[in-house]
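Residue strings, one per chain:
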Amino acid sequence: MENNLSNHNIKIVRLKDGLDVVCNCSFQSSKNDDEQDIVEMETPMIFEIRNTNLVMQHWLPLAVMKERTAKIKMEEVLCILEPKEDFAEYYTNTVSRIDETINRKQSDEENRMLMEALIELEHMNESNIH
């Protein structure tokens, strides 16, 4: 999965419940008065400072989600902040490292399944020899 994050789309979204989420952010305006404006948050991560260390983790359980994007109503947002450039870069690098790890695990699993299939095929060929 290729990382398409650019630092100018990285925002800190403070929700009305007080939670801060850093994400690649985009906005969808409603076309009629009955619908609400939407904030689309790609790869949302919560963060906190522990002692002098910045810690990030996924806000949502991405392992069970079909997409890496959450859409929330603008009415749930207290404010949207521009992060400092180094914080946006840290977020982007963190997401990239996570993506690389996920891709490596998927590749390892695919290789394991391929090897198992080849071994099974080899055993089938051996059993057909009279």
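In case you missed it, the structure is sitting above this.
Notes on the structure follow. Nothing here was measured: the structure is a model prediction, and the numbers come from that model.

## A few points about the overall build of the chain
Turning to step 1, where the next piece is worked out: Each helix and strand counted, the chain has one helix and six strands in total.
Turning to step 2, where the next piece is worked out: The buried share among the 130 residues of the chain stands at 25%.
Turning to step 3, where the next piece is worked out: Contacts spanning at least 24 positions in sequence make up 60% of the contacts within the chain whose residues lie at least 6 apart.
Turning to step 4, where the next piece is worked out: Summed over all atoms, the accessible surface of the chain reaches about 9,600 Å², with 51% contributed by carbon and sulfur.

## Focus on the pairing of strand β4 (residues 53–58)
Turning to step 1, where the next piece is worked out: Relative to β4, strand β3 (residues 38–50) runs antiparallel, the two sharing six bridges. What sits directly across from Phe-47, in β4, is Met-56.
Turning to step 2, where the next piece is worked out: Here β3 hands over to β4 after two residues, with Asn-51 in that stretch at a positive phi of 55°.

## Looking at a nonpolar patch on the surface
Turning to step 1, where the next piece is worked out: Nonpolar side chains collect at one region of the surface, where Phe-27, Met-74 and Ile-80 lie side by side and expose about 240 Å² of accessible area between them.
Turning to step 2, where the next piece is worked out: Checked against the element boundaries, Met-74 lands in the loop between β5 (69–73) and β6 (77–81).

Rules used in this analysis
- Residues numbered from 1 in each chain as written.
- Predicted model: local features only at pLDDT ≥ 70, side-chain atom pairs only at ≥ 80, totals over all residues.
- Heavy atoms only, no water.
- Helix = DSSP H or I, 4+ residues; strand = E, 2+ residues; numbered from the N terminus.
- Buried < 20%, exposed > 50% of the residue type's maximum accessible area, 1.4 Å probe, protein only.
- Contact = heavy atoms within 4.5 Å.
- Areas by Shrake-Rupley, 256 points an atom, 1.4 Å probe, with all protein chains shown as cover.
- Pairing = 2+ DSSP bridges.
- Patch = residues over 30% accessible without salt bridge, like charges linked within 9 Å, V, L, I, M, F, W, Y side chains within 5 Å.
- Salt bridge = Lys/Arg side-chain N within 4 Å of Asp/Glu carboxyl O.

Purely geometric numbers; function is a separate question.
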